[in-house]
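# Inside the fold
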Amino acid sequence: MYEDPGEFVERPVPPPFMFACRDCVRWLLRLARTWEAPEGCFWEQLQVARHIAADHPEDVPPQHLDDCELCVEYARRDDGDAALVWAQHRARDLFMPPSIARLL
């Protein structure tokens, strides 16, 4: 079930590499400031995930092994765009609750 980011949900503590990166910190702060905004924090979530996939590819988690339908779909596709979007999907687990992270 989808959880509204504005509702209380336990957020994961980002891994240490994110606190050592100035851009990660900047995006995380923007995400934190917009978390409960009426217009949501969708764009900020995407920006953090894009940054991690592009600048920290070695830190992107592996494929979800718990019947994640999106991982199955991304694994089937064989184009560069899908690989990048899949990395962003997996990176969201680093800073978003799973109920929200697995939506994209």
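Residues numbered from 1 in each chain as written. Predicted model: local features only at pLDDT ≥ 70, side-chain atom pairs only at ≥ 80, totals over all residues. Heavy atoms only, no water.

The next thing to look at is helix α2 (residues 22-34). Its 13 residues place the ends of α2 19 Å apart at the C-alpha level, agreeing with the 18 Å of an ideal helix rising 1.5 Å per residue. When α2 is considered as a whole, its buried residues turn out to be Cys24, Trp27, Leu28, Leu31 and Thr34. All buried residues of α2 lie within an arc of 130 degrees about the axis, which places them on one face of the element. Turned more than 90 degrees away from the buried face of α2 sit Arg22 and Arg33, all of them exposed. Here the buried face of α2 lies against α1 (16-19) and α3 (42-55). (Helix = DSSP H or I, 4+ residues; strand = E, 2+ residues; numbered from the N terminus. Expected span 1.5 Å × (residues − 1). Buried < 20%, exposed > 50% of the residue type's maximum accessible area, 1.4 Å probe, protein only. Arc of directions from axis to C-beta. Contact = heavy atoms within 4.5 Å.)

This paragraph deals with the packing of aromatic side chains. One pass over the structure, following the stated rule, counts one aromatic pair. A centroid spacing of 5.5 Å and a plane angle of 65 degrees characterise the contact between Trp27 and Trp43, whose relative ring orientation is edge-to-face. Of the two residues, Trp27 is situated in helix α2 and Trp43 in helix α3; the sequence distance between them amounts to 16 residues. Classification of Trp27 by relative accessible area gives buried; the value is 10%. For Arg11, the ring lying beneath its charged end belongs to Trp35, and the centroid distance is 4.0 Å. (Phe/Tyr/Trp six-rings, centres within 6.5 Å; stacked < 30°, edge-to-face > 60°. Lys NZ or Arg CZ within 6 Å of the ring centre and 35° of its normal.)

Limitation: the analysis is restricted to geometry and does not speak to function.
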